[in-house]
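Read off the chains here:
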Amino acid sequence: MKRRTPVYINILIVLGLLLVVFYMFSQSSDFLTSRYFLGTALISIIVVFIQTAIGDLIENEKFKKLTDAEKAAYLNETKVPYFQYLWNGAFKSQGEKEEKDILIDHGFDGIMELDNQLPKWWLGLFYFGTAYCILYISSYFLTDFAHPYKEYEQEYREQTAAISEYMATVTQPTLETAVFSEDNVEAGKAVFETNCVSCHGEGGKGGIGPNLTDNFWINQPEKTLFKNVFYMVDNGSKNNPTMQAWGKNGVVNGFEMQAVAAYVYHINQEQAPITEAQGGAAPQGTEAHWEK
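Residues numbered from 1 in each chain as written. Predicted model: local features only at pLDDT ≥ 70, side-chain atom pairs only at ≥ 80, totals over all residues. Heavy atoms only, no water.

Before going further, it helps to spend a moment on the state of the cysteines. Within this structure, the stated rule accounts for 0 disulfides. The thiol of cysteine 196 is unpaired, and the distance to the nearest cysteine sulfur, on cysteine 199, comes to 8.5 Å. (Disulfide = S-S within 2.5 Å.)

Cross-referencing UniProt, the feature "domain: Cytochrome c" (unreviewed entry) maps to residues 183-268 in the present numbering. Secondary structure across residues 183-268 divides into 48% helix and 2% strand, with the first and last C-alpha atoms of the span separated by 16 Å. (UniProt positions renumbered as here; feature names shortened; annotations may be inferred. Helix = DSSP H or I, 4+ residues; strand = E, 2+ residues; numbered from the N terminus.)

By the definition in use, this model includes 4 salt bridges. The closest approach of N and O atoms between arginine 4 and glutamate 59, which form a salt bridge, is 3.6 Å. Here glutamate 59 lies in helix α2 (residues 35-64) and arginine 4 lies in the segment before α1 (7-26), a separation of 55 residues in the sequence. Given the relative accessible area of 26%, arginine 4 is considered partly exposed. In this structure glutamate 59 comes out as buried when scored by relative accessible area, which is 16%. (Salt bridge = Lys/Arg side-chain N within 4 Å of Asp/Glu carboxyl O. Buried < 20%, exposed > 50% of the residue type's maximum accessible area, 1.4 Å probe, protein only.)

When the terminal C-alpha atoms of α1 are compared, their 28 Å separation across 20 residues agrees well with the 28 Å that a helix rising 1.5 Å per residue should span. Considered for burial, the residues of α1 that qualify are Ile9, Asn10, Ile11, Leu18 and Met24. Of the residues trailing α1, glutamine 27 is marked for its positive phi of about 60°. (Expected span 1.5 Å × (residues − 1).)

What follows covers the UniProt feature "transmembrane region" (unreviewed entry) in the protein chain. When the UniProt feature table is mapped onto this chain numbering, "transmembrane region" (unreviewed entry) sits at residues 7-25, 37-58 and 121-142. Annotation note: span residues 37-58, helix share 100%, strand share 0%, distance between end C-alpha atoms 31 Å. Its end C-alpha atoms 31 Å apart, residues 121-142 is made of 100% helix and 0% strand.

Turning to the packing of aromatic side chains, a few remarks are in order. Counting across every chain of the model gives 15 aromatic pairs. Residues phenylalanine 63 and tyrosine 74 carry aromatic rings whose centres are separated by 6.1 Å and whose planes lie at 55° to one another, so their mutual orientation is tilted. With phenylalanine 63 in helix α2 and tyrosine 74 in helix α3 (residues 68-78), this pair connects stretches of sequence that are 11 residues apart. Ring centres of phenylalanine 192 and tyrosine 263 lie 5.2 Å apart, and the angle between their planes is 50°; this geometry places the pair in the tilted category. One end of the pair, phenylalanine 192, is in helix α8 (residues 185-195); the other, tyrosine 263, is in helix α11 (residues 254-269), and 71 residues separate them in sequence. Phenylalanine 192 sits in the buried class, given a relative accessible area of 1%. Look at tyrosine 263 and you get buried, because its relative accessible area is 7%. Each residue in the set Phe22, Phe31 and Phe37 is aromatic and connected to the rest through ring pairs, giving one cluster. Directly above the aromatic system of tyrosine 85 lies the positively charged group of arginine 3, at a separation of 5.2 Å from the ring centroid. (Phe/Tyr/Trp six-rings, centres within 6.5 Å; stacked < 30°, edge-to-face > 60°. Lys NZ or Arg CZ within 6 Å of the ring centre and 35° of its normal.)

On the surface, a nonpolar cluster with roughly 840 Å² of combined accessible area is contributed by Val20, Phe25, Phe128, Tyr132, Tyr136, Ile137, Phe141 and Leu142. Counting only elements with at least two residues in the nonpolar patch, the list comes to α1 and α6 (120-142). Residue contributions to the nonpolar patch peak at 6 residues, all from α6. Within the secondary structure layout, phenylalanine 128 lies in helix α6. Phenylalanine 128 gets classed as exposed once you look at its relative accessible area, which sits at 52%. (Patch = residues over 30% accessible without salt bridge, like charges linked within 9 Å, V, L, I, M, F, W, Y side chains within 5 Å. Areas by Shrake-Rupley, 256 points an atom, 1.4 Å probe, with all protein chains shown as cover.)

This paragraph deals with the nonpolar core. If you look at the biggest cluster of nonpolar residues, it comprises 24 residues, and the most contacted ones within it are Phe192, Trp217, Val229 and Val233. Going through the elements one at a time, α8, α10 (225-235) and α11 are the ones with two or more residues in this core. It is α11 that provides the largest number of residues to this core, a total of 7 residues. Sequence-distant contacts of valine 229, that is, excluding residues within four places in its chain, are made with Trp217, Val260, Ala261 and Val264. (Core = buried A, V, L, I, M, F, W, Y, C linked by side-chain atoms within 4.5 Å. Contact = heavy atoms within 4.5 Å.)

Here is the structure:
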C-alpha cells in the first residue's frame with residue numbers, strides 16, 4: 001500500500017495551479033482580490049478535503065486486509081517525514097527479490113534487462129511540463145497571454161500615460177532655469193523638424209526664416225545664444241509676427257524649448273555654418289557677440 005500525499009501539499013498544489021491559470025487569463029495580479037478567484041480557491045480547498053476524507057476511508061479498508069508484517073512495515077514508513085520519504089523514493093534502488101520481479105525475459109550476450117520504472121522526480125517534471133504546455137498553448141490562442149505585440153502595446157500605453165502624468169506635474173524649465181545639455185540635442189532636433197523646419201529649413205539653413213547656423217541675428221534679447229533661442233521660442237519675435245510665441249501659446253512646453261535651444265546652439269556653435277554657396281540663406285540682422 002502506497003503512502004498518500006498530505007492534504008496541505010495537495011492544497012498548495014491546487015492553489016499554485018489556480019494562481020497560474022488566473023494570471024494567464026487576466027494578465028494582472030488584480031485577480032487576487034477578485035471574488036471569483038477567492039470563491040474558486042475556497043471551493044477547491046473544500047474539494048481537496050473531501051477527496052482526502054474519501055481517500056482515508058479507502059486506505060483504512062486496504063489497511064485491514066494487510067498482514068501483520070505489512071501493517072508494521074506501512075506504519076514504520078508513515079513515521080518517516082514526507083519530504084524525506086520522497087527523497088528516499090526518488091533514489092531508491094531495487095533489492096535482489098525486486099530485480100527478479102522486474103527482470104525482462106530476454107537478454108543478449110549474458111546482459112539482462114530490468115523493467116525499471118522512471119524516477120518519480122522525472123515523472124513529476126514530465127507531467128508538470130505537459131500540463132503547463134497545454135495550459136500555455138490554450139491561453140495563447142484564447143487570450144492575450146504571451147503575445148509580444150499585444151504586450152508591447154500595453155506597456156507602451158502604460159509608459160505613455162506615465163510620461164504624460166509626469167510631464168503634467170513636473171516643474172517645466174524656464175528662461176532662468178533652462179540649461180544646455182548635449183543629451184538634449186537629439187530631442188531638440190525632433191522638435192525642430194516638427195515645428196521649425198518649414199521656415200528655417202533643414203538643418204537650420206534658413207528659408208522663409210533666417211539662417212540659424214551663421215552668426216548674424218535679427219533678435220538678440222539675451223546675452224547667450226542658448227538663452228536667446230529659448231527666449232525667442234517662448235516669446236516670439238516682435239519684428240516678425242510669423243515667429244509666434246510657441247511657448248506662451250502652449251504649442252511647446254518648457255522641456256521642448258530647452259531641447260530645441262540646445263539643438264540650435266549645437267548647429268550654430270558646434271558645426272560649420274551653412275553658407276549661401278551650400279544652399280543656406282543670406283545673413284540677416286547684425287553680427288552677434290555671445291557670451292559663453
